Amino acid sequence: MIDPIISEDIKDISDNLDIPFFKDKEILITGGAGFLGSYLCDLFVSLGSYVSCLDNFSTSTLENIDHLTKMKNFRLLREDVSKIAIKETFNYIFHLSSRASPEDYQLHPVETLITNSVGSNETLKLAVKGNSRILFASSSEIYGDPQAIPTSEDYWGNVNPVGVRSCYDEGKRFGEALFMAYRRQYGLDIRITRIHNTYGPRIRSDGNYARALPRFIDQALKGEDITVYGDGSQTRSFCYVSDTIRGIIAAIYNDRAEGEVFNIGNPYEISILGLAEKIKELTHSTSKIVFRPLPEDDPKRRSPSILKAKKRLNWQPKISLEDGLKRTIKWFKIANQNL
Ligand code: UDP
């Protein structure tokens, strides 16, 4: 489904883009039916690229891309990224496949590790074959529970290698190492973006797929209890989807990004309790905020330094948390009506 809010976001992302750079190019997006992947599909279809969207629908929904399936420059490949059967080659590859919600990936730890290791390897092999430029959607999770805030790219992390989050954290860390290994061994043109808590239209709010922000919006709109884990003093920094996508595009486009790693996130830090209160206020909800046990190994603070992306990519977020939340809440209301 594409609606006015997502169309506006896509237009905003397209503004000032070097369209000839993408037009008529073959582009592969793994995890293309997911939240961020489907934004990339919409964007590149609108720019006249030939888009191949690879997805096994383990966490994504057909609804995100069904409006594209009849377009001539779009094709859907229902495949598992760890068993890629594609024969074609691509100009640009965006490797986004992976479960991303802690409650969900902890239910599928083996698959999460395989996707980020074997799946990354299969995608990288394809990139070698086509001499493609390839971007890895890594994560703030590679820092674990960081001791340095704001966290810059040269911080090596504080990760529990055998903890409940390790399937994702170590999966993404292995993925980054593998991307760098392909660069060193095969001279592949790689770029790594460490995405920090992004949100917006199409993010899932149901069951274990839901992360804190969309779950809070859903709970607030339904008048259900808003479930804050721990005392809510842990912090996160939330980046609106169009800003995140602009960051990803800047990283694939810019020559100064080759072989480099960038934090892509909004440095504005807020406590989880503060987020719950903000969402309650913006939705005019009567929901109660309730407290539940803090999950194991939950990072205490998270906020990116984005100085490197500002300097090298001339990128920074434009949408404030308040504006991004308002857009997301509006979208959730429309999506709920369409159920
Ligand atoms: N969280 C929460 N209530 C929920 C889900 C998550 O308070 O219903 C907390 C979670 O424990 C973490 C923060 O909110 O401290 C952000 O969670 P998210 O799901 O976005 O994942 P994370 O940032 O930890 O990867």
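Refer to the structure above for everything that follows.
Conventions adopted
Residues numbered from 1 in each chain as written. Predicted model: local features only at pLDDT ≥ 70, side-chain atom pairs only at ≥ 80, totals over all residues. Heavy atoms only, no water. Helix = DSSP H or I, 4+ residues; strand = E, 2+ residues; numbered from the N terminus. Rg over C-alpha atoms; globule rule 2.2 N^0.38 Å. Buried < 20%, exposed > 50% of the residue type's maximum accessible area, 1.4 Å probe, protein only. Contact = heavy atoms within 4.5 Å. Areas by Shrake-Rupley, 256 points an atom, 1.4 Å probe, with all protein chains shown as cover. Lys, Arg positive; Asp, Glu negative; His and termini not counted. Charge placed at Lys NZ, Arg CZ, Asp CG, Glu CD. Near = heavy atom within 4 Å. Polar contact = N/O pair within 3.5 Å; in protein donor to acceptor, adjacent residues only side chain to side chain. Nonpolar A, V, L, I, M, F, W, Y, C, P; charged D, E, K, R; others polar. Pairing = 2+ DSSP bridges.

Now for the overall build of the protein. On a plain count of helices and strands, the protein comes out with 11 helices and 13 strands. By the compact-globule yardstick of 20 Å for 339 residues, the protein fits well, its C-alpha radius of gyration being 19 Å. Taken over the C-alpha atoms alone, the protein extends approximately 55 × 40 × 35 Å along its principal axes. By the burial criterion, 58% of the 339 residues in the protein qualify as buried. The long-range fraction of contacts in the protein, counting pairs at least 24 apart against all pairs at least 6 apart in sequence, stands at 81%. Put simply, the protein shows about 14300 Å² of open surface, and 52% of that area lies on carbon and sulfur atoms. Between the averaged position of the 44 positive side-chain charges in the protein and that of its 44 negative side-chain charges there is a distance of 3 Å.

The next subject is the site of the ligand. Within the structure, the ligand sits among 18 residues, and Arg-215, Thr-227, Tyr-229, Arg-236 and Asp-298 are positioned closest to it. Arg-165 places a polar side-chain atom, nitrogen or oxygen, 2.9 Å from an oxygen atom of the ligand. At a separation of 2.9 Å, an oxygen atom of the ligand approaches a polar side-chain atom of Arg-302. Here the ligand, which alone exposes 510 Å², has 97% of that area covered by the protein. Those elements that provide at least two residues to the shell around the ligand are helix 4 (102–105), helix 7 (212–222) and strand 8 (226–229). Here the residues of the shell around the ligand sort into seven nonpolar, three polar and eight charged.

Attention now moves to the pairing of strand 4 (residues 92–95). As a general feature of sheets, a regular strand has side chains that alternate between the two faces. Both faces of strand 4 are covered, namely the face carrying Tyr-92 and Phe-94 and the face carrying Ile-93 and His-95. As paired elements, strand 1 (residues 26–30) and strand 4 share four bridges and run parallel to each other. The partner of Leu-28 across the bridge, within strand 4, is Ile-93. One ladder, built from four bridges, connects strand 4 with strand 5 (residues 133–139); its direction is parallel. Within the sheet, the bridge partner assigned to Tyr-92 lies in strand 5 and is Arg-133.

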